[in-house]
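Spelled out from the first residue to the last, the chains are:
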Amino acid sequence: SAFDSRMLAWRRHLYRKCDALVAPSESSAQGLREQRMNYDIDIWSRGVDRTIFDPSNRDLAWRREQGFLDNDAVVGFTGRLVMEKGLDVFADTIDLLERRRVAHKVLIVGEGPARAWFESRLPQAKFVGFQGGADLGRAVASMDVFFNPSVTEAFGNVTLEAMASGVPVVAAMATGAQSLVEDRVTGRLITPGAIQHYADALQSYCTQPDLRAEHGAAGERRSLDFSWDAINQVVADTYIRLIRQHDAWAMSKR
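Residues numbered from 1 in each chain as written. Predicted model: local features only at pLDDT ≥ 70, side-chain atom pairs only at ≥ 80, totals over all residues. Heavy atoms only, no water.

1. Quick look at the overall build of the chain
Right, on to step 1. A tally of helices and strands in the chain yields 11 helices and eight strands.
Right, on to step 2. In terms of principal-axis extent, the alpha carbons of the chain reach across some 75 × 45 × 30 Å.
Right, on to step 3. Counting over 254 residues, the chain shows a buried share of 46%.
Right, on to step 4. The long-range fraction of contacts in the chain, counting pairs at least 24 apart against all pairs at least 6 apart in sequence, stands at 62%.
Right, on to step 5. Surface accessibility of the chain: about 12,900 Å² in total, with carbon and sulfur atoms responsible for 53%.
Right, on to step 6. Positive and negative side-chain charges in the chain, numbering 31 and 33 respectively, have mean positions lying 5 Å apart. (Helix = DSSP H or I, 4+ residues; strand = E, 2+ residues; numbered from the N terminus. Buried < 20%, exposed > 50% of the residue type's maximum accessible area, 1.4 Å probe, protein only. Contact = heavy atoms within 4.5 Å. Areas by Shrake-Rupley, 256 points an atom, 1.4 Å probe, with all protein chains shown as cover. Lys, Arg positive; Asp, Glu negative; His and termini not counted. Charge placed at Lys NZ, Arg CZ, Asp CG, Glu CD.)

2. Details of the nonpolar core
Right, on to step 1. Judged by nonpolar contacts, the single largest core of 32 residues is most densely connected at Val75, Phe90, Ile108, Phe118 and Val170.
Right, on to step 2. Looking at this core, the elements that each hand over two or more residues are β3 (74-78), α4 (87-99), β4 (105-109), β6 (145-148), β7 (169-172) and α9 (195-207).
Right, on to step 3. When residues in this core are grouped by element, the largest group, seven residues, is from α4.
Right, on to step 4. Contacts of Phe90, omitting those with residues within four sequence positions, involve Val75, Gly76, Phe77, Val106, Ile108, Phe118, Leu122, Phe147 and Pro149.
Right, on to step 5. In this structure, Phe68, Ala139, Met143 and Ala171 belong to the second largest nonpolar core, which totals 27 residues. (Core = buried A, V, L, I, M, F, W, Y, C linked by side-chain atoms within 4.5 Å.)

3. Considerations on the sheet that holds β4
Right, on to step 1. Judged by pairing direction, the sheet is parallel, and its six strands sit side by side in the order β5-β4-β3-β6-β7-β8 without closing on themselves. Every interior strand has two partners, whereas the edge strands, β5 (126-127) and β8 (187-190), have only one.
Right, on to step 2. Direction of pairing for β3 relative to β6: parallel, over a ladder of two bridges. By the bridge assignment for β6, Val75 is matched with Val145. (Pairing = 2+ DSSP bridges.)

4. Let's talk about the packing of α4 against α9
Right, on to step 1. One can describe the packing of α4 onto α9 by two numbers: an axis separation of 9 Å at closest approach and a directional angle of 60°. One way to sum up the angle between α4 and α9 is to call them oblique. The handedness of the crossing between α4 and α9 comes out as right-handed. Together, Val89, Asp92, Thr93, Leu96 and Leu97 of α4 and Ile195, Gln196, Tyr198, Ala199, Leu202 and Gln203 of α9 make up the contact between the two elements.
Right, on to step 2. Class assignment of the residues belonging to the contact of α4 with α9 gives a composition of seven nonpolar, three polar and one charged. (Axes fitted to C-alpha atoms, helices over the stretch in contact; angles between N-to-C directions. Parallel < 35°, antiparallel > 145°, perpendicular 65-115°, else oblique. Left-handed = near helix turned anticlockwise from the far one by under 90°. Nonpolar A, V, L, I, M, F, W, Y, C, P; charged D, E, K, R; others polar.)

5. Looking at the environment of Gly47
Right, on to step 1. Turning to its location among the elements, Gly47 is positioned in the loop between β2 (41-43) and α3 (60-65).
Right, on to step 2. The exposure class of Gly47 is buried, given its relative accessible area of 12%.
Right, on to step 3. Linking Gly47 and Asn232, residues 185 residues apart in sequence, is a C-alpha distance of 8.9 Å.
Right, on to step 4. If we ignore the near neighbours within four places in the chain, the residues touching Gly47 are Leu160, Phe226, Trp228 and Ile231.

6. Focus: a nonpolar patch on the surface
Right, on to step 1. Taken together, the side chains of Met7, Trp10 and Leu14 make up a nonpolar region of the molecular surface, amounting to roughly 300 Å² of accessible area.
Right, on to step 2. Tracing the backbone through its elements, the reader meets Leu14 in helix α1 (residues 2-15). (Patch = residues over 30% accessible without salt bridge, like charges linked within 9 Å, V, L, I, M, F, W, Y side chains within 5 Å. Salt bridge = Lys/Arg side-chain N within 4 Å of Asp/Glu carboxyl O.)

7. Describing the pairing of β4
Right, on to step 1. The element β4 is extensively covered by neighbouring structure, given that four of its five residues are classed as buried.
Right, on to step 2. As defined by bridge partners, β3 adjoins β4 across five bridges and the pair is classed as parallel. Among the inter-strand pairings, Phe77 is bridged to a residue of β4, identified as Ile108.
Right, on to step 3. Chirality of the crossover, the property in question, places the unit of β3, α4 and β4 among those that are right-handed.
Right, on to step 4. Inspection of the sheet shows β4 paired to β5 by two bridges, in the parallel sense. When the bridges of β5 are listed, Leu107 appears paired with Lys126.
Right, on to step 5. Viewed along the sheet, the connection from β4 through helix α5 (residues 115-121) into β5 turns out right-handed. (Right-handed = clockwise from strand over helix to strand, strands pointing away.)

8. As for the environment of Pro123
Right, on to step 1. Mapped onto the secondary structure, Pro123 falls in the loop between α5 and β5.
Right, on to step 2. Residue class for Pro123 comes out exposed when judged on its relative accessible area of 65%.
Right, on to step 3. Each C-alpha atom, one on Pro123 and one on Ala201, is 22 Å from the other, the two residues being 78 residues apart in sequence.

Spelled out as structure tokens, the structure:
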């Protein structure tokens, strides 16, 4: 639309005044390049707190309190319970697992205006509400597979948190997840909205504990790249480079 074109032109005018841009993921950076926003773009992703998100925080006693057996395959979700997180896709996929008679349980962590709708769609799921800090880390590590069908994440904190917790991820092939999940190595990337393919991926993890363990361990190794020191060094290096460029330009004008 004309409005969208004007907004795009305004953003391009603004971003081109910058000496450099930093984006939360490579896929976000590529989008900025394709829109010709700027050509000096680095990645400033987000980190994960490994004191909170770690496989050691898995708690079988807590799982039992939620009604899960030790050998249950628990499909989990964490995040704000709003429809734009793909809750309808999540529920439709779980319905398909039910129809296929795939043994599984569902754990939902979070609050939001769509909670009542989500609970009515998934009456068999365990909703534990908002969890923070160590409680959140325990809940995520106590899942067996993390299912994130959202296509609205610029980075995907929840996906990284699951990976750091040693949990394989089934996610939408969208901006945030594509920068984190390696398909068939640390999880599965699925075409957004493809219910059957989501169900296929979840079924593989629910029925193959060895595959869960392999991909979960690979995800944890990948999460080590996201230490806060390494991530913030990118921004520091960008500033240092720009300062040196400006100093060199000033010297050339003397």
